[in-house]
Amino acid sequence: MRLLKLLGIASASLAGIVLLVLGLLSLLGDDAYRKILVGAVEQHTGRAFRIDGDFSVTFFPELAVRARNLSLANVPGSERPLMARVRQLDMRANWRALLGGVLDMDLVADDVLVSVERDAKGASNWAFEDAKASAGEDSAGFSLRPRFRHTRVSNARLLVEDVRRGKPADIGIRELRLVDEEGELRVHLDGAIDATPVAIDGHLGTVAAIVGNLPTELRLSGSAGDAAVDLQGTWGPLTPYPVLQLGGTLRARSLGFIEALLPDWLGGLGPVEASFTLVGKGGVYGLSGLRAVLEGDGEHLKLDGHIDDLERFSGVVLDVDMETPYFRDFIDATGLAFDAPMPGYLSASGRLQGDANNLSANIRSLEARDEGLKAQFQGTVGRLLSLGAL
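This text gives an overview of the structure that appears in the document. Sequence order sets the numbering: in each chain, residues are counted from 1 along the sequence as written. Local features in a predicted model are, by the rule used here, given only for residues with pLDDT of at least 70; side-chain atom pairs are given and counted only at 80 or more, and totals for whole chains, interfaces and linings are based on all residues. The side-chain figures draw on all heavy atoms in the structure; neither hydrogens nor water molecules are used.

**Re the overall build of the chain**
Stated formally: Strands are runs of DSSP state E lasting at least two residues, helices are runs of H or I lasting at least four, and both sets are numbered from the N terminus onward. Burial status follows relative accessibility: with a 1.4 Å probe on protein chains alone, a residue under 20% of its type maximum counts as buried, one over 50% as exposed, and anything between as partly exposed. Should any heavy atoms of two residues lie within 4.5 Å, those residues are counted as being in contact. The Shrake-Rupley method, run with a 1.4 Å probe, gives the accessible areas here. Residue values count only the displayed protein chains as cover.
Looking only at helices and strands, the chain has 7 helices and 19 strands in total. Looking at the chain residue by residue over its 390 residues, the buried ones come to 31%. Sequence separation of 24 or more characterises 43% of the internal contacts of the chain that already satisfy a separation of 6 or more. Surface exposure of the chain reaches about 22800 Å², of which carbon and sulfur atoms provide 58%.

**Some points on helix α2 (residues 30–45)**
Three or four residues apart is the spacing at which side chains of an α-helix point the same way, because the helix has 3.6 residues per turn. Heads up, the condition is: Helix span, as expected, comes to 1.5 Å for every residue beyond the first. Here the arc refers to the set of directions running from the helix axis out to each C-beta atom.
For α2, built from 16 residues, the straight-helix expectation of 22 Å at 1.5 Å per residue is met to within 8% by its first-to-last C-alpha distance of 23 Å. For α2, the complete set of buried residues consists of Tyr33, Val38 and Thr45. All buried residues of α2 lie within an arc of 135 degrees about the axis, which places them on one face of the element. Turned more than 90 degrees from where α2 packs its buried face, Lys35 and Ile36 sit exposed. Just downstream of α2 lies Gly46, where phi reads positive at about 70 degrees.

**Notes on the environment of Asp230**
Threshold: Any pair of N or O atoms that falls within 3.5 Å is considered a polar contact. Within protein, one atom must be able to donate a hydrogen and the other to accept it, and sequence-neighbouring residues count only if both atoms are side-chain atoms.
Considering the arrangement of structural elements, one finds Asp230 in strand β11 (residues 227–235). Expressed as a C-alpha distance, the spacing of Asp230 and Gly247, which sit 17 residues apart in the sequence, is 8.1 Å. Here Asp230 is in contact with Leu220, Ser221, Gly247, Gly248 and Thr249, once residues within four sequence places are set aside. Polar contacts involving the side chain of Asp230 include one to the side chain of Ser221, which spans 2.7 Å.

**Some points on the pairing of strand β16 (residues 314–324)**
Taken residue by residue, a regular strand's side chains alternate between the two faces of the sheet. Definition in use: For two strands to pair, DSSP has to find at least two bridges joining them.
Of the pairings in the sheet, the one linking strand β15 (residues 299–309) to β16 comprises 9 bridges and is antiparallel in character. Paired with Asp309 across the bridge in β16 is Ser314. If you look at the hairpin formed by β15 and β16, you'll find 4 residues sitting between the two strands, and Phe313 has a positive phi there, around 50 degrees. Here β16 runs beside strand β17 (residues 345–355); their pairing, made up of 9 bridges, is antiparallel. The partner of Val316 across the bridge, within β17, is Gly354.

**Describing the nonpolar core**
As a reminder of what qualifies: Nine residue types can take part in a nonpolar core, namely buried Ala, Val, Leu, Ile, Met, Phe, Trp, Tyr and Cys, and a core is a set of them joined through side-chain atoms within 4.5 Å.
Judged by nonpolar contacts, the single largest core of 28 residues is most densely connected at Ile51 and Leu63. Taken together, the elements giving at least two residues each to this core come down to α2, β1 (49–51), β2 (55–58), β3 (63–73), β4 (82–93), α3 (95–99), β5 (102–118) and β6 (145–162). It is β5 that contributes the most residues to this core, 5 residues altogether. Leaving out residues up to four positions away in the same chain, Leu63 has contacts with Val57, Thr58, Met91, Arg92, Ala93, Trp95 and Leu98.

**Focus: unusual backbone geometry**
A cis amide bond links Gly236 with the next residue in sequence, Pro237, at an omega value of 0 degrees. Looking at where Pro237 falls in the secondary structure, it is placed in the loop between β11 and β12 (244–252). Although it is not a glycine, Glu182 sits at a positive phi angle of roughly 50 degrees. Examined against the element boundaries, Glu182 turns out to sit in the loop between β7 (169–181) and β8 (184–193).

**What about the side chain of Arg47?**
Mapped onto the elements of the fold, Arg47 is located in the loop between α2 and β1. Within the local environment of Arg47, its side chain forms a polar contact with the backbone oxygen of Ala73, the two atoms lying 3.2 Å apart. Ignoring anything within four residues of it in the chain, the contact list for Arg47 reads Glu42, Leu72, Ala73, Asn74, Val75, Met83, Asn125, Trp126, Ala127 and Phe128.

**A few points about the pattern of salt bridges**
Using the following cut-off: Throughout this description, the term salt bridge denotes a Lys or Arg side-chain nitrogen within 4 Å of a carboxyl oxygen of Asp or Glu.
Across all of its chains, the model carries 21 salt bridges by this definition. In this structure, Arg92 and Glu62 form a salt bridge, with 3.0 Å as the shortest nitrogen-oxygen distance. In this pair, Arg92 sits in strand β4 while Glu62 sits in the loop between β2 and β3, placing the two residues 30 residues apart along the sequence. A relative accessible area of 40% places Arg92 in the partly exposed class. Residue Arg149 pairs with Asp180 through a salt bridge whose shortest N-O separation is 3.7 Å. With Arg149 in strand β6 and Asp180 in strand β7, the pair connects residues that are 31 residues apart, well separated along the chain.

Purely geometric stuff here, so don't read any function into it on its own.
See the structure below:
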């Protein structure tokens, strides 16, 4: 009984201290907290951060932050001055969880613009420079684990550009919702990639595993245009780089769901079916067990194999069986230039192997036809294509 009494006194004393600290914090004005937040973001990103609109912080009965017109500067030299802009942000956090090291919060963001860029040298604008760390100081500190009980992002736009790959992707998000449903984190997304409607529904795993940075089961179903995509497997830990082991399937009536990336005549080809396993850790992600079949208008393409590193297009082993009467059109559309004229019809079977800088082909059979031309070939072609030079 004496122990219980001591514990009660200690708990009451701790609660009193917490209330006293909260009372003192509430004496500071909103402008003081604005300066503290701006300084913290700039310190950990090395970029200019602004809050040009209304800003308020309240502490009772929970921590609540309301901010308008937030912006984060882009890297020097970018055509876009801002990496991120948020017109409206509202956040509420549970104090009890916060004191336990968990940022358990509800978040609402509206009218959001984010630009994700990679330049010709491969440098990305999301690689932030911690001003404290760059000065040789210890930037380690109390780390909060996020828990998004209810998150809603609306009217958002994500621009993704890699100058080495040409045309940027314009991703619009009409609504993104993350909801904690009895310990499971459910996701719903309604948006578009360029002109193609996109929808995603499913579960991202258990909240406990995500907060604890542990592996968890993911189940997603989605659509892009007329394409249906399913993903199921495990992901996590999520930091410092997500570990993935996800099986996927794709079915579509045509390639129209990626029409923005293709010449007009290719977008109508189909149907297409594919299955794969997306695997990776340490920032390196690839496809194993890849099987894809495309049919349409005299076209036939079958792929079977794996790509170890999608980012660098390396570790490629693909068994290919193809037939097309539009080979010349395809070459013209890629922008590749060859000394000899390309045939219109091409049928080939073989294996592609290598990487972006040295892709070779072991050709089991090849037949090319055009007006006044018929040729057959069998053998190995080394350094068939160097994509790194494109």
